[in-house]
Amino acid sequence: MFDSRLKELLGIKYPIFQGGMAWVATSELAAAVSEAGGLGIIAAGNAPGDYVREEIRKLKEMTDKPFGVNIMLLSPFAEDIVDIVCDEGVPVVTTGAGNPGKFLERFRKHNIKVIPVVPTVSLAKRLEKQGVDALIVEGTEAGGHIGELTTMALVPQVRDAVSIPVIAAGGIADGRGIVAALALGADGVQLGTRFVCSTEAKVHQNYKDKLINAKDRDALVTGRSTGHPVRVIKNQFTREFIELEKSGASIEDLEKMGSGRLRMAVVEGDVDKGSVMSGQIAGMINDIKPCHEIIQQLIQEAQQVLGKLNNLEGGEVHE
């Protein structure tokens, strides 16, 4: 099942990535995922370089396994963080919100594997030509900033368009999702929301409880009118934001309203007025457990699903 090119490329046991979620993906969470055999990822977000350097060094004290840093290319500190990941010998960089092309030569000089997040086939093809090592293909089911295409539709189209490894993301929370991603042509998967509900995620308990109590239709999309849609759990903030959006408010007013809301939820625990970013799979999560147990459960579930499918082999097909 896990005879994946990603294992050889990155030196990881399982081709399971933890998403680079701002304010959530800290050194503690990333180290725990890497120790469990996946690829833990520290999120740089809009944080300054000194913070990111400190997080990288903290992670190195907790694990000697491969890990990554997610660089949000629209961050005002992006160039500083590129320097830092090169200086600190980070083995893997994932990127979002832009094209990392101008940094690729520097990353190559430092033997850093570069894996951008892509929401479209055209960007995937362009990045492969530029020489990235793999692609995280993220469907609209994901939490936070999203594209429009679903994982089910996007992953096989990207698989057919590129030859480098593909990591499926968006709407994956258990072993069934892993097997589905592999069937679509992915070499691995990335999970975000599932890892938020882990004991190692330094997220306010209110945030975790909000995800655990979420139902299937509670993750909705805000901000489509701005061109930067975000998937979040509905609450007082989303109701007020959507009302403002419907009133024809300017992008500047909408961005001002949303500023600082993620930190409000993740750090301060205000899950009514804060932004509780989450994927559509929140309704599937009903517990909080260590990352090691999460990954082992994912693998066991995937093996069980494959076992059931293998039992179907040899059955007659009647037309």
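Residues numbered from 1 in each chain as written. Predicted model: local features only at pLDDT ≥ 70, side-chain atom pairs only at ≥ 80, totals over all residues. Heavy atoms only, no water.

With respect to the packing of helix α2 (residues 27–35) against helix α3 (residues 49–62)
- Contact pair α2 / α3: the axes reach a minimum separation of 9 Å and the direction vectors enclose 35 degrees. Every pair of crossing elements has a handedness; the one defined by α2 and α3 is right-handed. Across the interface between the two elements, S27, E28, A30, A31 and E35 from α2 touch E55, K58, L59 and M62 from α3.
- Looking at the contact of α2 with α3 residue by residue, the class counts come to four nonpolar, one polar and four charged. (Axes fitted to C-alpha atoms, helices over the stretch in contact; angles between N-to-C directions. Helix = DSSP H or I, 4+ residues; strand = E, 2+ residues; numbered from the N terminus. Left-handed = near helix turned anticlockwise from the far one by under 90°. Contact = heavy atoms within 4.5 Å. Nonpolar A, V, L, I, M, F, W, Y, C, P; charged D, E, K, R; others polar.)

Brief notes about the sheet that holds strand β2 (residues 40–43)
- Taken in spatial order, the eight strands of this open sheet run β1-β9-β8-β6-β5-β4-β3-β2, and their pairing is parallel. At either margin of the open sheet sits one strand with a lone partner, and together these are β1 (16–18) and β2. Neighbouring strand axes in the sheet, compared pairwise and without regard to direction, differ in orientation by 25 degrees on average.
- When strand β5 (residues 113–118) meets strand β6 (residues 135–138), the two strands line up parallel, connected through two bridges. Along β6, the bridge assignment pairs V117 with I136.
- Relative to the sheet, α2 contacts β1, β2 and β3 (67–72), its axis offset from that of β2 by approximately 165 degrees.
- Sheet contacts for α3: β2 and β3; angle to β3, the most-contacted strand, approximately 165 degrees. (Pairing = 2+ DSSP bridges.)

Regarding the pattern of salt bridges
- Overall, the coordinates contain 19 salt bridges when judged by the stated rule.
- For R57, the salt bridge is made with E88, and the minimal N-O distance between the two is 2.8 Å. With R57 in helix α3 and E88 in the loop between α4 (78–87) and β4 (92–96), this residue pair connects regions lying 31 residues apart in the sequence.
- Overlapping salt bridges bring together R53, R57, K60, D87 and E88 as one network. (Salt bridge = Lys/Arg side-chain N within 4 Å of Asp/Glu carboxyl O.)

With respect to the packing of helix α11 (residues 236–246) against helix α12 (residues 251–258)
- Where α11 meets α12, the closest approach of the two axes is 10 Å, and the angle between their N-to-C directions is 170 degrees. Here α11 is positioned roughly antiparallel relative to α12, judged by the angle of their axes. Along its contact with α11, which presents F237, E240, F241, L244 and E245, the element α12 presents D253, L254, M257 and G258.
- In terms of residue class, the contact of α11 with α12 is made up of five nonpolar, one polar and three charged. (Parallel < 35°, antiparallel > 145°, perpendicular 65-115°, else oblique.)

Observations regarding α11
- Considered for burial, the residues of α11 that qualify are F237, T238, F241 and E245. Seen along its axis, α11 keeps its buried residues to an arc of 90 degrees; they face one direction. Turned more than 90 degrees from where α11 packs its buried face, R239, E243 and K246 sit exposed.
- Buried residues in α11 make contact with β10 (219–222), β11 (230–233), α12 and α13 (261–266).
- Capping the start of α11, N235 holds a side-chain oxygen 3.1 Å from the backbone nitrogen of F237, two or three residues further along.
- Just beyond α11, the residue with positive phi is G248, at close to 85 degrees. (Buried < 20%, exposed > 50% of the residue type's maximum accessible area, 1.4 Å probe, protein only. Arc of directions from axis to C-beta. Polar contact = N/O pair within 3.5 Å; in protein donor to acceptor, adjacent residues only side chain to side chain.)

Describing the packing of aromatic side chains
- Applying the stated criterion across every chain yields a total of two aromatic pairs.
- Ring geometry for F103 and F107: centres 6.4 Å apart, planes at 55 degrees, overall tilted. (Phe/Tyr/Trp six-rings, centres within 6.5 Å; stacked < 30°, edge-to-face > 60°.)

These figures capture arrangement, not role.
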